[in-house]
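Coordinates in review
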Amino acid sequence: MTYASRPTVAEIDLRNLQFNFRTCRSFLGKDIRILAVVKADAYGHGAIECSKVLEKEGADWLGVATPEEAVEIRLSGVFSPILCFGGFWPGQEAMLIQHNITPVIFELSQAAAIDQAAKTVGRRWPVHVKVDTGMGRLGVRWDQASSFAMELGRFENLTIEGLMTHFASADDLSQNDFTELQTSRFHDSLFQFNAAGHSPAFTDLSNSPGAIVKGARGGNMVRLGGVLYGLAEDILPAGINKPELKPVLSLVSEISHLKTMPAGESVGYGRTFVTQRPSTVAAIPIGYNDGYRRVFSDRAKVIIRGNLAPVIGRISMDWTMVDVTNVPDASLGDKVVLIGNEGRGTIRTEDLSRIAQTISYEVTCGISRRVPRLYVRETTKSDAPLMEK
Ligand SMILES: *Cc1c(COP(=O)(O)O)cnc(C)c1O
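These numbers were taken from a predicted model, which means no experiment stands behind them. (Residues numbered from 1 in each chain as written. Predicted model: local features only at pLDDT ≥ 70, side-chain atom pairs only at ≥ 80, totals over all residues. Heavy atoms only, no water.)

So, the overall build of the protein
For clarity, the threshold we go by: Secondary structure elements are taken from DSSP: a helix is a run of H or I of four residues or more, a strand is a run of E of two residues or more, and numbering for both begins at the N terminus. With a 1.4 Å probe rolled over the protein chains alone, any residue whose accessible area is under 20% of its type maximum counts as buried; one over 50% counts as exposed, and the rest are partly exposed. The convention is simple: Lys and Arg are positive, Asp and Glu are negative, and His and the chain ends are not counted. By convention, the charge on Lys lies at NZ, on Arg at CZ, on Asp at CG and on Glu at CD.
Within the protein one finds 11 helices and 22 strands. Within the protein, buried positions represent 53% of all 389 residues. Averaging the locations of the 42 positively and 43 negatively charged side chains of the protein gives two centres separated by 2 Å.

Next up, the structure:
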């Protein structure tokens, strides 16, 4: 038997994910391969469901951060090639091979571990090598690419199937010179790999802003995350030509408690909000444990009956209070939109990330496991929207 549940849910519109994939593909042109990034549970959107849609749409690769994320997707019945950006940790080689996962490597110890594990299954294993061209994070430094490429030559059970780098500031056109510098360092490194006898079939540099600003930049694949989820306002430079994108995630709940309060009374911890007039106040069952962050206190707005209504007082672990005095006929059980649109109101993830002085990715990634994802799929033949958990 299933019980009813708390009404706080993240609605994931898989039709918009599909739409964004298609607009990006046609914007980039069909010669550029697309690796769809589904790490971090698809930026909080649900890695399994999103991977299935992206696989069906023809994504050439899926990308994750860890072997654990890769295996979760593989075991759900996804057959696409999966690239694990963050490498792996000692003892995880067998898991990669068993589940047909391709690791990114940047240390010789990783090459040795995969080489050994590949030998035991009697076949060569593909790896992609990450070159650090200026991100200063993961990757073999570009000025070490030549010696690394030569050392890789001694592993008989490895194929260098891909070479990649990651941009530090492709979203900032004022730093375009640095992105171009990273690009030329990458192409130098590729030359060194070729000279050492490796011929990577996949060469990829661009993330979302890198790709939308300037395509594959001489590589043959791009790695798209944010734009697929419609998170672009704070990721892409303003004023550039870009594909049409639709937000995929909405965050909704319901009014669980309503009360009227006279003027001069306080709401919530710390008494940061005091009613200035007789007020109608609603309690919404969402709090910072759900990822509706405390920094939104007294600053965010929600949509009820198509009207914007302000969050008042401190957001607590499980509850958020909203002033609904100006919402005509606000009632118990009314739908509350915290991210999304309804009537005259629109609240974008980017509006909340601005309040938190962060980027939209951190907001969607931060929506916790306590919030069920509800998937909205393609309309069926009967044209009824099919909602499925
Ligand atoms: C996360 C990530 C991406 C995707 O970046 P977006 O800005 O979301 O497109 C691409 N490449 C690597 C290596 C990443 O870690």
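There is more to say after this.
Digging into the packing of helix H7 (residues 145-152) against helix H8 (residues 176-195)
Counted only if it meets this: Here the axes come from fitting lines to C-alpha atoms, over the contacting stretch only for helices, and the angles between their N-to-C directions go from 0 to 180 degrees. Any angle that is under 35 degrees is reported as roughly parallel, and any over 145 degrees as roughly antiparallel; angles of 65 to 115 degrees are reported as roughly perpendicular and all others as oblique. Helix crossings are classified by the rotation of the near helix relative to the far one: an anticlockwise turn of less than a right angle makes the crossing left-handed, while a clockwise turn makes it right-handed. Contact criterion: two residues are considered in contact whenever any of their non-hydrogen atoms come within 4.5 Å of each other.
Packing of H7 against H8 brings their axes to within 8 Å, and their N-to-C directions diverge by 30°. By the angle between their axes, H7 is roughly parallel relative to H8. Between H7 and H8 the crossing geometry is right-handed. Each of Ala145, Ser146, Phe148, Ala149 and Leu152 in H7 lies in contact with H8, whose residues at this interface are Ser189, Gln192 and Phe193.

A word on the site of the ligand
Stated precisely, the cut-off is as follows: Only a single heavy atom is needed: when it lies within 4 Å of a molecule or strand, its residue is near that molecule or strand. Reported accessibility uses the Shrake-Rupley method at a 1.4 Å probe radius. Residues are deemed covered only where the shown protein chains occlude them. Whether a set of points on the 1 Å grid over the protein atoms alone is a cavity depends on a 1.4 Å probe fitting there but being unable to get out, while an open set qualifies as a pocket with protein on both sides within 12 Å along at least five of seven lines; lining residues are those with an atom within 4 Å of a point. In this scheme, a molecule is assigned to a cavity or pocket if more than half of its atoms are within 2 Å of the grid points. Think of it as three bins: nonpolar holds Ala, Val, Leu, Ile, Met, Phe, Trp, Tyr, Cys and Pro, charged holds Asp, Glu, Lys and Arg, and polar takes everything else, Gly as well.
For the ligand, the set of nearby residues contains 15 residues, the closest of which are Lys39, Tyr43, Ser208, Arg223 and Gly226. Surface burial for the ligand is 92%, taken as the share of its 390 Å² of free accessible area covered by protein chains. Given that more than half its atoms are within 2 Å of the pocket grid, the ligand belongs to the largest pocket. Considering only residue class, the shell around the ligand consists of seven nonpolar, five polar and three charged.

Overview of the side chain of histidine 128
Stated precisely, the cut-off is as follows: Here a polar contact is recorded for every N or O atom pair within 3.5 Å, except that within protein the pair must consist of a potential hydrogen donor and a potential acceptor, and residues adjacent in sequence are included only if both atoms are side-chain atoms.
Looking at the secondary structure, you find histidine 128 in strand E6 (residues 125-132). For histidine 128, a relative accessible area of 0% puts it in the buried group. Here the side chain of histidine 128 touches glutamate 161 through a polar contact of 2.7 Å, side chain to side chain. Ignoring anything within four residues of it in the chain, the contact list for histidine 128 reads Trp61, Leu83, Thr102, Pro103, Val104, Ile105, Glu161, Gly162 and Phe202.

With respect to the environment of methionine 150
Looking at the secondary structure, you find methionine 150 in helix H7. A sequence separation of 97 residues divides methionine 150 from valine 53, and the C-alpha atoms of the two residues are 39 Å apart.

Brief notes about the pairing of E6
What counts is decided by this rule: Paired strands, as defined in this entry, are two strands with at least two bridges between them according to DSSP. The handedness rule is simple: strands pointing away from the viewer, and a clockwise path from the first strand over the helix to the second, make the crossover right-handed.
Most of E6 is tucked away: eight of the eight residues are buried. Relative to E6, strand E5 (residues 102-105) runs parallel, the two sharing two bridges. Among the inter-strand pairings, isoleucine 105 is bridged to a residue of E6, identified as valine 129. Crossover handedness for the path E5 to helix H6 (residues 108-121) to E6: right-handed. Sheet topology note: the E6/strand E8 (residues 158-164) ladder contains six bridges and is parallel.

Thoughts on the packing of aromatic side chains
Note the threshold: Ring pairs shown here join Phe, Tyr and Trp side chains whose ring centres sit within 6.5 Å, with only the six-membered ring taken for Trp; geometry is labelled stacked below 30 degrees between planes, edge-to-face above 60, and tilted in between. The rule for a charge over a ring is simple: NZ of Lys or CZ of Arg within 6 Å of the ring centre, and within 35 degrees of the ring normal.
In total, this model carries four aromatic pairs according to the counting rule given. Measuring from centroid to centroid gives 5.2 Å for tryptophan 61 and phenylalanine 202, while their planes differ by 85°, and the two rings are edge-to-face. In this pair, tryptophan 61 sits in strand E3 (residues 61-64) while phenylalanine 202 sits in strand E9 (residues 202-204), placing the two residues 141 residues apart along the sequence. Residue classification places phenylalanine 202 among the buried residues on the basis of a relative accessible area of 12%. Among the aromatic residues, those joined into a cluster by ring pairs are Tyr43, Tyr229 and Tyr361. Against the face of tryptophan 142 rests arginine 185, its NZ or CZ located 3.6 Å from the ring centre. Its end group placed over the ring of phenylalanine 19, lysine 246 keeps NZ or CZ at 4.1 Å from the ring centre.

Interpretation in functional terms is not warranted from these geometric data alone.
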